[in-house]
Structure formats: C-alpha cells, structure tokens
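# Structural characterization, general
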There are 2 protein chains.
Amino acid sequence: MGAGAGILERLRETLGSDVAIDPSTLDLTRHLKDYGTTDDQPDACILAVVLARTTDQVSAALKLCSEASVAVVPQGGMSGLAGGGAPIGPCVVLSVERMRAIETLDEAGQTITVEGGVVLETIQKAAAERGFFFPLDVGARGSAQAAGLAATNAGGNRVLRYGMMRDLILGLEVVLMDGTVITALNTMIKNNAGYDLKQLFIGSEGTLGVITRLVLRLHPAPAATCTGLAACADYAAVLDLLDQCRRGFGSGLSAFECMWADFYSLGCEPCGRTPPLAHGHGFYVLIETQGADPGGEVARFEAVIGAALEAGVVQDAVVASSQRETAALWAIRDTPGDYSRVFDPAVHFDVSLPVGRIGVFAEECRRRLEARWPGVAAVFFGHVADSNLHIGVRLEAGRIVTRDVKDLVYGCIGDLGGSISAEHGIGIDKRDYLHHSRSPQEIALMRRLKAALDPAELLNPGKVL
Amino acid sequence: MGAGAGILERLRETLGSDVAIDPSTLDLTRHLKDYGTTDDQPDACILAVVLARTTDQVSAALKLCSEASVAVVPQGGMSGLAGGGAPIGPCVVLSVERMRAIETLDEAGQTITVEGGVVLETIQKAAAERGFFFPLDVGARGSAQAAGLAATNAGGNRVLRYGMMRDLILGLEVVLMDGTVITALNTMIKNNAGYDLKQLFIGSEGTLGVITRLVLRLHPAPAATCTGLAACADYAAVLDLLDQCRRGFGSGLSAFECMWADFYSLGCEPCGRTPPLAHGHGFYVLIETQGADPGGEVARFEAVIGAALEAGVVQDAVVASSQRETAALWAIRDTPGDYSRVFDPAVHFDVSLPVGRIGVFAEECRRRLEARWPGVAAVFFGHVADSNLHIGVRLEAGRIVTRDVKDLVYGCIGDLGGSISAEHGIGIDKRDYLHHSRSPQEIALMRRLKAALDPAELLNPGKVL
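To start, this report covers the structure provided alongside it. (Residues numbered from 1 in each chain as written. Chains lettered and ligands numbered in written order. Predicted model: local features only at pLDDT ≥ 70, side-chain atom pairs only at ≥ 80, totals over all residues. Heavy atoms only, no water.)

A few words now on the relation of the copies chain B and chain A. Between the two copies of the chain lies a relationship made up of a rotation around an axis and a movement along it. After a rotation of 180° and a shift along the axis of 0.0 Å, chain B superposes on chain A with an RMSD of 0.1 Å. A rotation of that kind, with that shift, is consistent with a two-fold axis. (Least-squares fit on C-alpha atoms with pLDDT ≥ 70 in both.)

Written out as structure tokens, the structure reads:
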C-alpha cells in the first residue's frame with residue numbers, strides 16, 4: 001500500500017461522499033490533463049476527487065492530506081495551457097468549481113467579490129449588468145475560473161490598458177497546505193498594512209496555496225471603441241507606430257496586436273477570409289482604443305492613424321466602420337482558433353522580450369529554425385506593446401518534433417534575454433526550461449518560499465519548480 | 001561587549017573606511033529617525049554606517065553582519081513617515097544613497113533602470129528629458145530614493161491613474177540578509193516564468209531584503225492637463241460626482257482629492273489664501289484629468305463638470321484657466337505643508353477604507369473624538385477615489401495626547417473594516433496597531449515569510465511585525 005492508502009475513506013468520513021468522490025465512479029478525462037497540453041502523465045493516479053462547496057471543506061481536505069502525506073493537485077477550468085493542473089503520481093484532485101457565488105458588487109469601490117469557482121464570463125456579465133466592465137478576457141472565458149485565472153496570473157488581449165489578472169486583484173482568500181485559512185479580502189486600492197500576502201499566490205500556479213475567494217477590481221464600461229488595421233514595412237516602423245499610438249491615445253490605447261506577414265497570410269485566404277489590406281507588407285497591426293467620449297473617439301482615432309500614414313510610418317490602413325468590420329479584423333488576429341484546420345500539428349509558444357528587441361528575436365529565431373529544418377513553417381504574432389510574442393511552428397513526423405523545437409526556441413529566448421512564459425505560466429510544460437529565464441539564485445529563492453509554505457512538497461508537486 | 005563588538009573593524013577590513021564609516025566621525029542626526037516620526041528610539045546605538053557604492057558591497061556588508069549576528073537597518077531618504085528607517089538597539093545602518101546611476105532608458109519598452117539611491121526627482125527629470133513621464137510623485141520628491149519608495153510601496157497623488165510604486169516596478173535587484181544577490185531585473189510587462197519574487201520585497205519596508213537596483217515603468221508625457229474644484233453638499237454627492245468623473249473621463253481621471261469643509265477652511269484664510277469657492281459647502285473636490293488630446297481636453301472637462309452642476313450633484317465649481325490658477329487650487333490641497341504654522345502640534349493619520357464607507361467613517365471618527373475631547377480640532381481630506389483618507393487631530397498638552405488619539409482612531413478603523421496604513425506603511429509607529437487591520441493568520445504568515453528569508457531576525461528588526 002502506498003502513501004495514499006485510505007485517504008479516500010478519511011476524506012469521505014469528514015466531507016461526505018458527495019464532496020470527496022470515489023474516482024472509480026467518475027469519468028476522469030477532464031481531470032487528467034489541461035486543454036492543449038501535449039502529454040499525459042503516465043504515472044498519474046487520482047485517489048479522490050474533492051469538489052468542495054466551502055472554504056472550510058477545502059481546509060479540511062488539505063489538512064487531512066497533509067497529515068496523510070498525500071499530494072494535492074488543485075484544478076480550475078483546465079485551460080491554462082501549461083499543464084499546471086495535470087495530476088502527477090498518486091494524488092487527490094481538489095476543485096472549487098462548485099464555489100460559484102458572486103458575493104457582492106460594490107459600485108462606489110468598483111469591486112466585485114466572488115468565490116473561486118466563478119467562471120470568467122459570469123464575472124464579465126455580472127459587471128456589465130450593473131454598468132461596469134471586468135476587462136480581463138481570454139479565449140477560455142466560458143470555462144476559466146476566477147481562482148485559476150489568479151493562480152496563473154492570466155493575461156489576454158487587454159493587458160496593455162488594464163493590466164494582467166494580478167493588477168485586477170485587490171484581495172484573496174487562500175488555504176495553505178496545512179489547512180490554515182488566510183482571509184485577506186482587501187477591498188482598498190491603497191493598503192500598506194504589512195506584507196501584501198496575496199502577491200505570493202498570484203501566478204504561483206497552485207503550488208503555495210489554494211485560492212477560494214477573490215476581490216476583483218472593476219472599471220466603468222468604456223463608452224466608445226475604435227478598431228483599425230495598419231500595415232508597416234518593418235519592425236522599426238511598428239515601433240514608430242506604437243510610439244505614436246501611445247502618445248496620441250494615451251491610456252485609451254487598449255490593443256496593439258502585431259502580426260508578421262506569415263501569420264497574416266495564414267489568417268486570410270486559408271481561413272476563408274478576404275484580406276482587409278493587401279498582402280506584401282511586412283507587418284500588420286490591429287489597433288484598438290477605448291475611450292470615455294463617444295463624440296470624439298473616431299475623429300481622434302482617424303487623426304492619429306492619418307498622421308502615421310502621412311509620416312510614412314504606416315503604408316496602408318483601414319478603420320472599421322461597423323461591428324461587422326471590427327469582427328472581421330479581430331477574426332484574423334484570432335486565427336489560432338482555426339489552427340486545428342490550417343496549422344496542425346504544431347507547437348505553440350508564449351514568450352516575452354523587451355518590446356524593442358522582439359523584431360530582432362523573431363528574425364534570429366526564424367533564422368535558427370530555417371537553418372535546422374529548411375522549409376519549416378513558422379508564424380509570429382503578439383501583443384507586442386505588452387512585450388508578448390506568440391510563435392507557432394509546424395511539426396513534421398520524424399523530422400520536426402516538439403522537444404527539438406522547444407529546445408531551439410527557448411534556447412533562443414535565453415540567448416536574447418527574454419522570458420519563456422509571458423502569460424501561460426510554467427506548469428509542467430516549461431519546467432525544464434525555467435533556467436533560461438531565471439537565475440539559480442532566483443530559483444533557489446522560489447524553493448525557499450515553497451519550503452516555507454509547503455515543506456513536505458505536497459501541493460501541486462512537480463509544477464513550476 | 002555586546003553582539004556588535006568588532007563589527008566596525010570587520011566591515012572596514014572588507015569595505016574600506018570610506019564605505020564602512022565610524023559613527024563617531026559623523027553627525028548621526030539624519031540617521032537616527034525618520035522625518036515626521038514622533039519619538040526617538042532611546043536604545044538606538046549605531047555601530048557603523050555603511051554607505052555602499054555597489055551591490056557587491058551591500059552583499060558583503062550583510063554577509064558580515066549575518067555572520068556576526070548584528071542587526072542591519074536599511075535607510076533611504078528617511079521620509080517614510082512611519083519610522084521604518086529608524087535604528088533600534090545596537091545595529092549597522094546601511095544606505096545605497098551613493099548608488100545613484102541611471103543605467104538605461106529604453107524608449108520602446110518604456111522602462112528606466114536605476115540604482116536604488118537615485119532620488120525621485122532625478123528619475124522624473126531623466127524621464128521628462130526623453131519625452132516620458134514617471135508618474136509617481138510625493139512631497140519628498142527631492143529626498144526620497146528609488147529603493148525606499150519601493151520598500152515602502154509609496155503612493156501619492158496620481159495613484160488613481162497610474163497606480164502605486166508597486167504598479168510602476170517591473171524588476172528589482174535585492175540582497176538578502178545572508179548576502180545572496182537576487183538579480184531579477186525584468187523589463188517585460190508580461191512575465192509569468194515562476195514566482196514573481198519582486199512582489200515580496202515591495203512594501204515590506206526593508207525587513208526581507210535590501211533593494212539595490214530597479215526597473216521602472218514610464219508613461220508618455222500627458223499632452224493636456226485640466227484642473228478644477230467642485231463643491232458638494234454631502235458625501236453621497238461626492239460619490240455621485242466620482243461616478244460621473246470615472247465614466248466621463250475614463251482612465252483620463254488623474255486626481256480626485258476630497259476635502260472636508262474643516263480642512264478647506266484651514267487651507268484658505270489661515271494660510272493666507274483667497275477661497276476659490278465660497279465657504280459653507282460640505283465638501284470640496286479637486287479634480288484633475290490628463291489626456292492625450294490637447295484640442296479636446298478642456299471641452300470634455302467642462303462638459304462633464306457642467307453636467308454634474310446641472311444635475312445638482314455639484315453646487316458650485318471653478319475650472320482653472322491658467323498655470324497660476326491651477327497652482328492656487330493645488331495649494332489648498334497641499335495645506336499639510338503649512339501645518340507647522342497653522343495646525344501644530346498635531347497627530348496625522350494615513351488610513352484607508354472602502355470608498356463608499358469613508359463618509360460614514362469620518363462622521364463616526366469625529367463623533368468619537370468629540371465625545372472624548374469636546375472642542376477637539378480635527379481635519380479630514382484624502383485621495384478618496386483610491387480609498388485613502390488623511391486625518392489630522394490637534395494635540396493639547398495634558399488633555400489630548402498622541403497615544404490616546406491613535407488608540408481612538410485606529411480602533412475606529414478596526415471597527416469599520418479599514419486599514420491602518422494606506423500608503424505610509426507600518427514601520428515602528430503603527431506596529432502595535434497592525435492587528436486592527438490584519439488577522440492573526442495573516443500576521444502568522446508574514447512571520448513565516450520573515451523566518452524563511454531572515455531566520456535570525458537581523459534585517460530591520462522591530463519594524464512592521
């Protein structure tokens with residue numbers, strides 16, 4: 001009998017069989033791996049699935065597992081893309097998906113307090129119903145849960161203006177592996193009373209504690225949105241355009257999505273779309289602004305883009321004049337949603353680099369890929385104003401395999417001083433490459449923090465570190 | 001001989017007598033207490049003053065003190081207002097004030113990399129010279145140093161739009177008490193490669209590590225600024241006005257400074273100023289917007305304030321039409337700079353509460369003060385959109401003393417669910433009151449982190465915890 005012998009029974013005694021569920025009675029598919037991760041963990045063995053309804057139940061489950069030295073894997077919507085929720089070895093799976101109450105919405109404070117299992121789309125809708133805006137948005141909005149978004153410090157399309165999940169969290173309730181409940185549901189923008197403990201748990205991918213409740217920041221709903229597409233000759237021109245947009249729109253600039261020509265080409269005809277701007281330019285940039293003044297927004301948008309055209313920074317441009325045209329521009333940017341049809345099998349990357357160095361990195365990375373695999377298909381696009389680049393590289397059975405591509409791309413990131421993870425986290429998938437972006441001293445300090453909070457390494461073992 | 005015997009000699013051997021300075025050769029006044037803190041620490045005994053020129057020297061000093069079990073007190077500009085830099089007991093004082101290089105300014109990335117001793121005003125000027133804007137601003141801009149601003153997570157007037165110091169830091173270099181140098185000079189907005197270690201050190205007031213270098217975020221210089229003053233009848237109207245400003249200006253709203261009538265009265269005639277709006281209203285709000293469009297900014301400002309006037313939310317208003325008028329409005333808000341002439345002796349508070357509850361808190365706090373000390377003089381003002389309230393209470397020898405006022409105000413904060421420190425931190429001054437704002441579990445977790453990073457409790461002992 002291994003370490004987990006009897007844990008199901010002990011959990012059921014305390015929590016009941018409706019909360020501590022016998023895995024043999026469940027279809028475990030959705031608990032075995034994250035959406036989009038490549039490999040199953042061959043040694044995964046789920047001893048129990050705990051679907052908690054309260055923070056106290058989370059605490060009781062963690063305490064029992066601590067005492068029995070059984071590993072616990074916290075799971076959210078399983079859309080993290082890095083394998084952070086995948087079970088490894090014998091373990092108890094713990095989810096707060098049943099904790100989905102929206103507790104309060106404070107209009108004066110512009111905050112919403114939610115349980116950890118509330119799905120992103122539900123938060124967005126609850127805010128909108130009261131005239132507010134929860135700006136975080138990712139493709140998995142229908143499945144990603146608040147606790148998981150916090151644990152992975154999710155990003156998305158609107159980071160440029162509103163920040164990442166970290167910037168939208170004011171307070172957290174977290175349960176440590178020993179069962180201690182830390183209720184730090186701060187609702188104030190300014191609060192310097194001691195260490196800001198929540199920061200430790202945001203982005204640590206469930207390795208330091210389990211998030212059960214959150215206080216999130218809301219913004220007023222934007223009154224006007226403008227969208228356009230601009231073509232530039234080279235990355236230097238993209239940087240000039242970015243500077244003009246930052247100065248011309250100030251904090252109204254809400255998206256600056258840069259597509260290299262190869263990505264743009266893939267997103268047009270192969271996906272059945274008419275190109276809104278002709279092929280042949282080096283770069284295509286989707287620009288969005290969100291403003292408070294419906295009267296002035298369009299004129300301002302056209303003035304700034306017009307000036308960039310006149311200055312020769314932009315070679316051609318189109319401004320969307322309807323909801324349909326706006327959607328058509330975003331559809332090209334959202335080509336990754338069509339990858340299964342037009343770019344499969346492939347391996348995908350989420351990396352970051354200093355904004356000014358992204359163009360050079362893309363050239364160097366492409367050069368190394370081509371030198372290694374002549375004719376390789378690779379596409380580049382990203383939220384470059386946020387320093388974030390996404391890369392897709394097509395695999396070819398027997399010639400171009402995942403591991404080799406990862407080694408090459410992450411090696412290139414390390415050489416050029418970038419980060420191997422911009423927004424998806426480390427999970428299992430990038431763990432072996434962490435040293436490309438973090439020094440031995442940094443990794444040692446992470447381990448010191450892990451040891452302080454979870455000395456027996458029972459919480460989400462094998463992830464990040 | 002105590003714990004510190006011989007430490008000066010050991011430091012001098014390694015660092016030289018120019019860096020490890022014999023305290024008997026110095027005027028120690030500026031090292032003995034923070035500006036504005038009330039009490040000297042009677043047992044303070046400075047064994048050496050280390051004025052490091054490099055990170056390696058900081059590391060060597062901390063390592064030697066660790067080995068000798070001697071406490072180290074990191075000091076910045078000594079303008080933290082909470083006693084965080086004051087020596088307690090026998091200790092070595094450590095400053096990075098000689099580390100004042102501006103290393104790089106990256107225009108595309110909108111970052112500036114500086115050494116920890118660079119003074120705030122120098123950073124602001126270096127940014128402005130290149131067409132950028134470093135938005136953090138506090139009264140002590142001529143003395144506050146980058147490392148200290150980070151260690152205390154400084155706030156100030158523009159938090160509403162640009163965030164606190166934490167929101168303006170992308171990367172840090174920190175030295176731990178054992179001498180380990182953690183160089184985490186991230187320059188990317190998005191970087192989810194492992195734990196975000198810098199967060200631990202920001203706002204921990206020098207108790208977990210010594211900050212030596214920083215990567216800070218810059219913004220484009222705003223093209224247009226508008227300033228006005230509006231009078232409201234009551235706090236409910238202030239909240240309505242805030243809602244209209246948030247929706248009308250969006251992210252352009254850069255200041256919303258609320259002054260209760262008592263504060264406004266003190267700031268006008270007693271300070272030799274003509275009131276820009278008549279006395280007799282309940283509240284006066286200084287509103288500032290910063291926009292990217294010089295052509296549209298004033299019209300937009302007047303339209304939003306005009307609508308609030310028409311709706312009866314605002315009773316009277318004035319919009320500054322010159323630099324001189326703008327300065328005159330801010331002068332009233334900056335009355336605390338005149339306190340030594342018009343409101344002295346007094347005890348001052350920096351607290352926070354949920355925005356919607358600040359009005360009720362002010363009433364309740366005033367009621368308790370008046371019940372205890374009939375006729376007491378108290379003034380209220382604050383960055384209320386940031387949840388931040390400042391209170392001044394006049395002392396009277398023999399009748400109204402600091403300790404009793406603190407007990408009353410912090411007790412009231414605890415009862416109404418606020419924080420005893422919005423932006424100034426805990427230091428020595430608020431340490432005994434921390435339990436009003438943080439739970440035993442939170443404080444225990446802070447201690448656990450402290451033990452993980454500084455097990456012998458040698459770094460800035462007696463602060464925060």
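What follows concerns the packing of aromatic side chains. On inspection of all chains with the given rule, the structure shows 22 aromatic pairs over all chains. Between Trp260 of chain B and Phe380 of chain B, the ring centres sit 6.2 Å apart and the planes meet at 45°, which makes this aromatic pair tilted. Pair noted here: Trp260 of chain B is in strand S13 (residues 253-260) and Phe380 of chain B is in strand S17 (residues 378-382), with a separation of 120 residues, a long-range link. Above the plane of the ring of Phe132 of chain B lies Arg247 of chain A, whose end atom (NZ or CZ) is 4.7 Å from the centre. (Phe/Tyr/Trp six-rings, centres within 6.5 Å; stacked < 30°, edge-to-face > 60°. Helix = DSSP H or I, 4+ residues; strand = E, 2+ residues; numbered from the N terminus. Lys NZ or Arg CZ within 6 Å of the ring centre and 35° of its normal.)

Attention now moves to the packing of helix H8 (residues 235-249) of chain B against helix H10 (residues 294-310) of chain B. Residue and element names in this part refer to chain B. Across the interface, H8 lies against H10 with an axial gap of 10 Å and an inter-helix angle of 150°. In terms of axis orientation, H8 runs roughly antiparallel to H10. As H8 runs across H10, the sense of the crossing is right-handed. Contact residues: Leu241, Gln244, Cys245, Gly248 and Phe249 in H8; Arg300, Phe301, Val304, Ala307 and Ala308 in H10. The residue makeup of the contact of H8 with H10, split by class, is 7 nonpolar, 2 polar and 1 charged. (Axes fitted to C-alpha atoms, helices over the stretch in contact; angles between N-to-C directions. Parallel < 35°, antiparallel > 145°, perpendicular 65-115°, else oblique. Left-handed = near helix turned anticlockwise from the far one by under 90°. Contact = heavy atoms within 4.5 Å. Nonpolar A, V, L, I, M, F, W, Y, C, P; charged D, E, K, R; others polar.)

So, on to the side chain of Glu288 of chain A. All names here are of chain A. The topology assignment puts Glu288 in strand S14 (residues 283-291). At 2.7 Å, the side chain of Glu288 and the side chain of Ser254 are in polar contact. When neighbours within four sequence positions are excluded, Glu288 is seen to be in contact with Arg158, Thr225, Cys226, Thr227, Gly252, Leu253, Ser254, Ala255 and Trp330. (Polar contact = N/O pair within 3.5 Å; in protein donor to acceptor, adjacent residues only side chain to side chain.)

On a regular strand, each side chain points to the face opposite its neighbour's, so the side chains alternate between the two faces of the sheet. Residues and elements named next belong to chain A. Among the 9 residues in S14, 9 count as buried, and that is most of the element. Here S14 shows two buried faces, one formed by Phe283, Val285, Ile287, Thr289 and Gly291 and the other by Tyr284, Leu286, Glu288 and Gln290. Pairing geometry for strand S12 (residues 224-232) and S14, over 9 bridges, is antiparallel. Looking at the pairing, Cys232 lines up with Phe283 of S14. (Buried < 20%, exposed > 50% of the residue type's maximum accessible area, 1.4 Å probe, protein only. Pairing = 2+ DSSP bridges.)

This paragraph deals with the environment of Trp330 of chain B. Residues and elements named next belong to chain B. With respect to the secondary-structure elements, Trp330 resides in helix H11 (residues 323-333). When its relative accessible area of 14% is taken as the criterion, Trp330 is described as buried. Between the alpha carbons of Trp330 and Thr227 there is a distance of 8.9 Å; along the sequence they are 103 residues apart. For Trp330, the contacting residues outside a window of four places in its chain are Asn157, Thr227, Ala255, Glu257, Leu286 and Glu288.

Looking now at the interface of chain B and chain A. Listed by partner, the interface residues are 90 residues for chain B and 89 residues for chain A. The contact between chain B and chain A buries some 6,500 Å² in all, and 56% of this surface belongs to carbon and sulfur atoms. Looking only at chain B, the three residues that lose the most surface to chain A are Lys190, Asn192 and Tyr195 of chain B, adding up to 16% of its buried area. Our count for the chain B to chain A interface comes out at 10 salt bridges. As a salt-bridge pair, Asp196 of chain B and Arg166 of chain A come within 3.5 Å of each other at their nearest N and O atoms. Across the chain B-chain A interface, the total number found is 51 residue pairs in polar contact (both at pLDDT 80 or more). Listed by contribution, the elements that provide at least two residues to the side of chain B that touches chain A are helix H6 (159-162), strand S9 (181-184), helix H7 (198-201), H8 and helix H15 (440-453) of chain B. Per element, the largest residue contribution to the side of chain B that touches chain A is 9 residues, and it comes from H15 of chain B. (Buried area = accessible area lost by both parts, 1.4 Å probe. Salt bridge = Lys/Arg side-chain N within 4 Å of Asp/Glu carboxyl O.)

Our focus in this paragraph is helix H1 (residues 7-15) of chain A. Residues and elements named next belong to chain A. The set of residues buried in H1 consists of Ile7, Leu8, Leu11 and Leu15. Projection of H1 onto a plane perpendicular to its axis shows the buried side chains occupying an angular sector of 100°, all on one side. Looking at the buried residues of H1, the elements they touch are strand S1 (20-21), strand S2 (45-51), helix H3 (55-67) and strand S4 (90-95). Downstream of H1 by one or two residues, Gly16 has phi in the positive range, about 90°. (Arc of directions from axis to C-beta.)

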